[in-house]
Amino acid sequence: MAIFLSQTSPSEWKYISEGAATVVFSYNGPHHPILSGRVLRLRKAPRDGHGPPRHSVPDDNPVAFQQSVISRLLDPSCSPDLQTVSLQADWVEALSIHHESFRPQERRSTSVIDCSRQTGVLAPDLIGGLSCAVEVKVNIHYPPEVPIVNFSKAKMGLPT
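Residues numbered from 1 in each chain as written. Predicted model: local features only at pLDDT ≥ 70, side-chain atom pairs only at ≥ 80, totals over all residues. Heavy atoms only, no water.

A closer look at the overall build of the protein
Phase 1 of the analysis: Along the protein, the regular secondary structure elements total three helices and six strands.
Phase 2 of the analysis: When the helices and strands of the protein are placed in sequence order, the string is β-β-β-α-β-α-α-β-β.
Phase 3 of the analysis: Within the span of the protein, comprising 160 residues, buried residues form 28% of the whole.
Phase 4 of the analysis: Considering only intrachain contacts with a sequence separation of at least 6, the fraction spanning at least 24 residues in the protein is 65%.
Phase 5 of the analysis: Accessible area for the protein stands at about 10800 Å²; split by element, carbon and sulfur atoms hold 58% of it. (Helix = DSSP H or I, 4+ residues; strand = E, 2+ residues; numbered from the N terminus. Buried < 20%, exposed > 50% of the residue type's maximum accessible area, 1.4 Å probe, protein only. Contact = heavy atoms within 4.5 Å. Areas by Shrake-Rupley, 256 points an atom, 1.4 Å probe, with all protein chains shown as cover.)

With respect to the pairing of strand 3 (residues 38-46)
Phase 1 of the analysis: Sheet analysis places strand 2 (residues 22-27) next to strand 3, joined by five bridges and oriented antiparallel. Residue pairing across strands places serine 26 opposite valine 39, the latter belonging to strand 3.
Phase 2 of the analysis: Taken together, the four bridges between strand 3 and strand 6 (residues 119-124) define a ladder with antiparallel strand orientation. By the bridge assignment for strand 6, leucine 40 is matched with leucine 122. (Pairing = 2+ DSSP bridges.)

Things to note about the pairing of strand 6
Phase 1 of the analysis: Where strand 4 (residues 83-86) meets strand 6, four bridges bridge the pair, whose relative direction is antiparallel. Each residue of the ladder has a partner; that of valine 85, found in strand 6, is glycine 120.

Brief notes about the side chain of lysine 44
Phase 1 of the analysis: Among the structural elements, lysine 44 can be located in strand 3.
Phase 2 of the analysis: Residue classification places lysine 44 among the buried residues on the basis of a relative accessible area of 9%.
Phase 3 of the analysis: At 2.6 Å, the side chain of lysine 44 forms a polar contact with the backbone oxygen of glycine 19. (Polar contact = N/O pair within 3.5 Å; in protein donor to acceptor, adjacent residues only side chain to side chain.)

Description of the packing of aromatic side chains
Phase 1 of the analysis: All chains considered together, the criterion is met by three aromatic pairs.
Phase 2 of the analysis: On the numbers, 6.2 Å between centres and 75° between planes, the contact of tryptophan 13 with tryptophan 91 is edge-to-face. Note that tryptophan 13 is positioned in strand 1 (residues 13-18) and tryptophan 91 in helix 2 (residues 89-99), a separation of 78 residues in sequence. For the pair shown, tryptophan 13 and tryptophan 91 are each scored as buried. (Phe/Tyr/Trp six-rings, centres within 6.5 Å; stacked < 30°, edge-to-face > 60°.)

Concerning helix 2
Phase 1 of the analysis: Among the residues of helix 2, those classed as buried are Trp91, Val92, Leu95, Ser96 and His99. Here the buried residues of helix 2 occupy an arc of 135° about the axis, which is enough to place them on one side. Turned more than 90 degrees away from the buried face of helix 2, the exposed residues are Asp90 and Ile97.
Phase 2 of the analysis: Each element contacted by the buried residues of helix 2 is listed here: strand 1, strand 2, strand 3 and strand 5 (111-113). (Arc of directions from axis to C-beta.)

Side note on the nonpolar core
Phase 1 of the analysis: Of all hydrophobic cores here, the largest spans 18 residues; its most connected members are Leu5, Trp13, Phe25, Leu40, Leu42 and Leu122.
Phase 2 of the analysis: Counting only elements with at least two residues in this core, the list comes to strand 1, strand 2, strand 3 and helix 2.
Phase 3 of the analysis: Excluding residues that lie within four positions of it along the chain, leucine 40 makes contacts with Leu5, Trp13, Val23, Val24, Phe25, Val85, Trp91, Gly120, Val121 and Leu122. (Core = buried A, V, L, I, M, F, W, Y, C linked by side-chain atoms within 4.5 Å.)

See the structure below:
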């Protein structure tokens, strides 16, 4: 069965997260025999003026990479079911515009969803589409006004 993502509405997809090279959306529309329980991973490109200039690079194929390389390292039953899907530039552009405000500002300022790519990747939604993108930063230096509490057993009156 051929998958035509352009038959879905951009509002049927939920922004999940992104890294340096890809952005991930979870299908959140009405039940679909192929799309329900799946995520769509799309490649990003640097925003003009950020990073190296864009070149016409052929689509990479993570599905082929998984089949030819990863399958040698892991039992195929441990690998997620990845599927290459065709993309239509106008649909990807509409999806990008619809979800731009959900992307973190620091990501929006340096990259865009690459609407020139002809393929994307469908994968199982391993987190159920119920999450949100969270970035945790830990400051290992305590500000001077925050006292450091010592919880030694002796100070708490516990036997040592």
